[in-house]
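# Structural characterization, general
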Amino acid sequence: MQGEPRVDGRQHADAIRDLKKRWGPELILLAHHYQRPEVAALGDRLGDSYELARDARDAREARFIVFCGVRFMAEAAEVLRRDEQVVLHPEPSAGCPLADFASVEQATEAWRGLSEILGDESALMPLVYMNSSAGMKAFTGARGGAVCTSSNAPRAFEWGLRQRRAVLFMPDEHLGRNTCRKLGLAPREIVLYDPYTPGGGLEPERIRAARAVLWKGYCHVHTAFTVEDVAWAREKHPEGRILVHPECPEPVVACVDGSGSTSYLVREVAAAAPGSTLIIGTEVSLVDRLAAEHADRKVLPLRRSLCFNMSRITLAHVRAVCEALPGGEPLCLPEEVKRDAFKALERMLAI
Ligand code: 13P
Ligand code: SF4
C-alpha cells in the first residue's frame, strides 16, 4: 500500500516523552481525569478541573502549559497563567456542550430581568460553574461573583448566600439543585430559569421567594444515568456501593450511596477495601482507568457514558503541539475578559 507510513500510539508517546525530556520543567502537561488513558498516562499532573486550575497557577517554572482537557479548562489556565507563560490546547474543537448552554448575551438579559424584579442590582450573587466560557466567568467576576467546580460548589453557594439574598447559578441545573438540596434549601426556594422562555418562564413572586435561581442547562454525559440504571445495578451487584457525579439528576443522586466531584470519586475508589465492588456514575474513560489501576476491587461503570469532546484529544495532537514549541498557536483571550474572569477564578481559589 502507498501513502504515509502509519504512526502508532507508542511512537507518539515516545516522541512526547523525548520532547518533555528536552524541555524539562519548562514544559508542563496537564491532563483532566476524563482524558483517553494514553493521554492521561503522560500528564505531569492528572486532576479535576479545580486541581488543574490550581496547578496551572502554581506551575512557576513552566513556560509552556499544554492543557489536555476541554476548552473551558484550558481557558481557565490561560486566565490564571503568568505573563511569561503560554497555554496550548492540543485540539481546539474539544469544547463542552454544557458550557455552551449559557452565553454572555443571555446572561446579561437574565441579570437585567431578575434584578428589575428584585428591585436591586446587588440582590443576586452570580456563581458560574467552571464549565463555562471565559466570557461567562468575566460576566460573573465583574458582578462580584465567583467560579465554582463540583468540588467546592457547597462552599461557594454558602459564600454567595451569606452576602446576598439569592444566588444565580449558571449553567448546570443539576449541580445547582444537588448543591442546594445538600445545603438544606427547600424545593420552593429553588427556581429554574429557562433562557429560551420570556422572563425565564418564572412568575415574579417565585423569583422573589427564591434563594437560588438555577440556569436550565445540563451535561448529556451525566444526565444519561437514570434511576433505572441504579435499580439494575443494585439487583446485579447487591454488595456494591454506587457513587455518582453531582451533574447527575437529583433523583439519581437521591437513590445512590454517595455523590461528589471527580476527585471525590477517585478518592473513594482508592480508599475502598480490596475485594469490594464500586459502581461509578461518571465519564467512562475515568471509570475504566480506575478499574485498571485497582485490579483487586471491582470498579464498574453505572452505564458506559463517554465524553466525546474529552476524547477528541489524541496523542497525535499532543505530539504536534509539543513539536511546534516554542512556536504554535497559544490560546488568546481579550484583556478585559481575562481581567474580569481572573477576579471570579481568584475568588474561587480563595473561598
Ligand atoms: P470536574 O470539575 O469534577 O473535574 O468535572 C469537570 C467536568 O467536565 C465534569 O463533567
Ligand atoms: Fe462537558 Fe459533560 Fe464532557 Fe464534562 S463530561 S466536559 S460537562 S460534556
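In the block above lies the structure referred to throughout.
First, a word on what this report is: a plain description of the structure on this page.

Now for the sheet that holds strand β6 (residues 146–148). Spatially, the five strands line up as an open sheet ordered β6-β5-β7-β9-β8, and their pairing is parallel. Strand pairing shows two members of the sheet lacking a second neighbour, β6 and β8 (190–193), which therefore form its edges. When the angles between neighbouring strand axes are averaged without regard to direction, this sheet yields 25 degrees.

Once that is clear, we can look at the packing of aromatic side chains. Following the criterion strictly, the structure yields six aromatic pairs and no others. When the ring of F101 is compared with that of Y218, the centres are 5.0 Å apart and the planes differ by 45 degrees; the resulting orientation is tilted. Linking F101 in the loop between β4 (86–88) and α5 (104–118) with Y218 in the loop between β9 (212–215) and α10 (227–236), this pair joins segments that are 117 residues apart in sequence. Looking at Y218, the relative accessible area reads 39%, which means it is partly exposed.

Evaluation of the coordinates by the stated rule reveals one cavity of 30 Å³ or more. The space that makes up the largest cavity amounts to roughly 280 Å³. As for the largest cavity, its lining consists of 26 residues, and the residues nearest its centre are Y34, F72, M73, N131 and E247. Every element with two or more residues in the lining of the largest cavity is listed here: α3 (49–58) and α4 (71–80). For the lining of the largest cavity, the residue count by class is 13 nonpolar, ten polar and three charged.

Turning to the pairing of strand β13 (residues 298–301), a few remarks are in order. Of the pairings in the sheet, the one linking strand β12 (residues 277–281) to β13 comprises four bridges and is parallel in character. Within β13, the residue paired with T277 across the bridge is K298. This β-α-β element, β12 to helix α13 (residues 284–293) to β13, shows right-handed connectivity.

This part takes up the site of ligand 2. Taken together, Y34, V70, C96, P97, L98, N131, C219, V221, E247 and C307 make up the full set of residues adjacent to ligand 2. Structurally, ligand 2 is housed in the largest cavity. Residue classes in the shell around ligand 2 are distributed as eight nonpolar, one polar and one charged.

On to the sheet that holds strand β10 (residues 241–244). Reading across from one edge, β11-β10-β12-β13 is the order of the four strands in this open sheet, with parallel pairing throughout. Edge strands, defined here as strands with exactly one partner in the open sheet, are β11 (258–259) and β13. Against the sheet, helix α12 (residues 262–271) engages β10, β11, β12 and β13, with an angle of about 160 degrees to β10.

If you trace the backbone, V87 turns up in strand β4. Residue V87 is classed as buried on the basis of its relative accessible area, which comes to 0%. A C-alpha to C-alpha distance of 43 Å links V87 and A209, two positions 122 residues apart in sequence. Not counting the four nearest positions on each side in its chain, V87 is found in contact with I65, F67, A74, A77, E78, R81, P330 and L331.

Around ligand 1 lies a shell formed by H32, Y34, D48, S49, M73, N131, S150, H222, H245, E247 and T262. The side chain of N131 places a nitrogen or oxygen atom 3.1 Å from an oxygen atom of ligand 1. In the model, an oxygen atom of ligand 1 is placed 3.0 Å from a nitrogen or oxygen of the E247 side chain. Protein chains shield 96% of the accessible area of ligand 1, which is 300 Å² for the free molecule. In this structure, ligand 1 is accommodated by the largest cavity.

This brings us to α3. Listing the buried residues of α3 in full gives S49, Y50, L52, A53, D55 and A56. The secondary structure elements touched by the buried residues of α3 are β1 (27–32), β2 (45–47), β3 (64–68), α4, α7 (153–163) and α15 (335–350). N-capping of α3 is provided by D48, with a side-chain oxygen placed 3.1 Å from the backbone N of Y50.

Rules of the game
- Residues numbered from 1 in each chain as written.
- Chains lettered and ligands numbered in written order.
- Predicted model: local features only at pLDDT ≥ 70, side-chain atom pairs only at ≥ 80, totals over all residues.
- Heavy atoms only, no water.
- Pairing = 2+ DSSP bridges.
- Helix = DSSP H or I, 4+ residues; strand = E, 2+ residues; numbered from the N terminus.
- Axes fitted to C-alpha atoms, helices over the stretch in contact; angles between N-to-C directions.
- Phe/Tyr/Trp six-rings, centres within 6.5 Å; stacked < 30°, edge-to-face > 60°.
- Buried < 20%, exposed > 50% of the residue type's maximum accessible area, 1.4 Å probe, protein only.
- 1 Å grid on protein atoms, 1.4 Å probe; cavity = no way out; pocket = protein on both sides within 12 Å on 5 of 7 lines; lining within 4 Å.
- Points joined across faces, edges and corners; volume = space filled by probe spheres on them.
- Nonpolar A, V, L, I, M, F, W, Y, C, P; charged D, E, K, R; others polar.
- Right-handed = clockwise from strand over helix to strand, strands pointing away.
- Near = heavy atom within 4 Å.
- Sits in = over half its atoms within 2 Å of the grid points.
- Contact = heavy atoms within 4.5 Å.
- Polar contact = N/O pair within 3.5 Å; in protein donor to acceptor, adjacent residues only side chain to side chain.
- Areas by Shrake-Rupley, 256 points an atom, 1.4 Å probe, with all protein chains shown as cover.

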